[in-house]
Amino acid sequence: MNKYLILLTSFLALSACGGGGSESNNSVSNTSASSSASEQTNSTSNSDNSSQTDNSDSSSDDTNNEDNASSNSEVIMTNLTIDQSFDLKTDFDLLIDAKISTGNVRAYLNVCQSKVDSNKADYQNCILRKPIKNGELSQQVTISRQDIALVAEIWLYDSNPEPLRYQWQYDENVTKQQFEIRY
């Protein structure tokens, strides 16, 4: 019984708040009426140049400048041509090839984006994190864009507390991108 009473009260409260359709129609008609009135005022003031003030001149000039700017940008966009060979694709495959020549040493590889102000790896933006088994690792990864610099860090478990760092940057002259890491 209590459920029905709560449901009925909720229904009555929601229906009492309804009926907003007529307000939105009034605001639309008021907006169009005020637009018509302002157009009539502008046409009247344009016919009588002596009644215009400096403020109305600057606001009409601003409106004309905005219209010209938008029409200029449309002209620029319509004149845009894209070379047929460009496929609008920025991602590419990168082969990461790591080899450690010191034998069967335990190591771990991080390949991350480079921090902006240093040659260290940004651990929040890594593309590969893997152990190097038997001194070799070969992995194909897909990179989303060409303008990033990568840093590879090899962490040797046994001997060195600092990682070995290697830098890589996209090379436009090479068709197959490869990041070779040798130690």
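Residues numbered from 1 in each chain as written. Predicted model: local features only at pLDDT ≥ 70, side-chain atom pairs only at ≥ 80, totals over all residues. Heavy atoms only, no water.

**A word on the overall build of the protein chain**
Definition in use: Segments assigned H or I by DSSP are reported as helices when at least four residues long, segments assigned E as strands when at least two residues long, and all are numbered from the N terminus. Summary of the burial criterion: residues with accessible area below 20% of their type's maximum are buried, those above 50% are exposed, and those between are partly exposed, where the area comes from a 1.4 Å probe applied to protein chains only. Contacts are assigned to residue pairs with any non-hydrogen atoms lying within 4.5 Å of each other. Here the accessible surface of atoms and residues is derived via Shrake-Rupley with a 1.4 Å probe, and residues count as covered only by protein chains that are part of the display.
A tally of helices and strands in the protein chain yields three helices and seven strands. The order of helices and strands in the protein chain, counted from the N terminus, is α-α-α-β-β-β-β-β-β-β. For the protein chain, the proportion of its 183 residues judged to be buried stands at 19%. If you take every contact in the protein chain between residues at least 6 apart in sequence, the share linking residues at least 24 apart comes to 61%. Total accessible area on the protein chain stands at roughly 13800 Å², and carbon and sulfur atoms take up 50% of it.

**Comments concerning the pattern of salt bridges**
Our working definition: Salt bridges are defined by distance alone: a side-chain nitrogen of Lys or Arg within 4 Å of a carboxyl oxygen of Asp or Glu.
On inspection of all chains with the given rule, the structure shows four salt bridges. Between Asp 97 and Arg 182 there is a salt bridge, with its nearest N and O atoms 2.8 Å apart. Here Asp 97, found in strand β1 (residues 92-99), pairs with Arg 182, found in strand β7 (residues 177-182); they are 85 residues apart in sequence, far enough to count as distant. With a relative accessible area of 11%, Asp 97 lands in the buried category. For Glu 162, the salt bridge identified is with Arg 165, shortest N-O distance 3.9 Å. Take Glu 162: its relative accessible area is 47%, and that puts it in the partly exposed class.

**Here we look at the state of the cysteines**
Test applied: When two cysteine sulfur atoms are found within 2.5 Å, that pair is recorded as a disulfide.
This model, assessed by the stated rule, comprises one disulfide. Through a disulfide, Cys 112 is tied to Cys 126; the S-S separation comes to 1.9 Å. Looking down the S-S bond of the Cys 112 and Cys 126 bridge, the torsion is 75°, so its handedness is right-handed. With Cys 112 in strand β2 (residues 107-114) and Cys 126 in strand β3 (residues 121-132), the pair connects residues that are 14 residues apart, well separated along the chain.

**A closer look at the nonpolar core**
As a reminder, the rule being used: Buried residues of nine kinds, namely Ala, Val, Leu, Ile, Met, Phe, Trp, Tyr and Cys, make up a nonpolar core once their side-chain atoms join them within 4.5 Å.
Among the nonpolar cores identified, the biggest contains 23 residues, and Leu 94, Ile 96, Leu 109, Ile 154 and Phe 179 are the most heavily contacted of them. Once residues lying within four places of it in the same chain are set aside, the contact partners of Phe 179 are Leu 94, Leu 95, Ile 96, Asp 97, Val 111, Leu 150, Ala 152, Tyr 166, Gln 167 and Trp 168.

**Description of the sheet that holds strand β4 (residues 136-143)**
Here is the rule we go by: The pairing criterion for strands is at least two bridges between them, as found by DSSP. Every axis corresponds to a line fitted to the C-alpha atoms, with the helix fit spanning only the stretch in contact, and the corresponding angles, defined between N-to-C directions, vary from 0 to 180 degrees.
Read across the open sheet, the three strands follow the order β4-β1-β7; overall the sheet is mixed. In this open sheet, the two edge strands, each paired with only one partner strand, are β4 and β7. Direction aside, neighbouring strands of the sheet carry axes that sit 15° apart on average. Relative to β4, β1 is paired through eight bridges, and the arrangement is antiparallel. Residue pairing for β4: Ile 96 is matched across the bridge by Gln 139.

Such coordinate-based values are descriptive only and should not be taken to indicate function.
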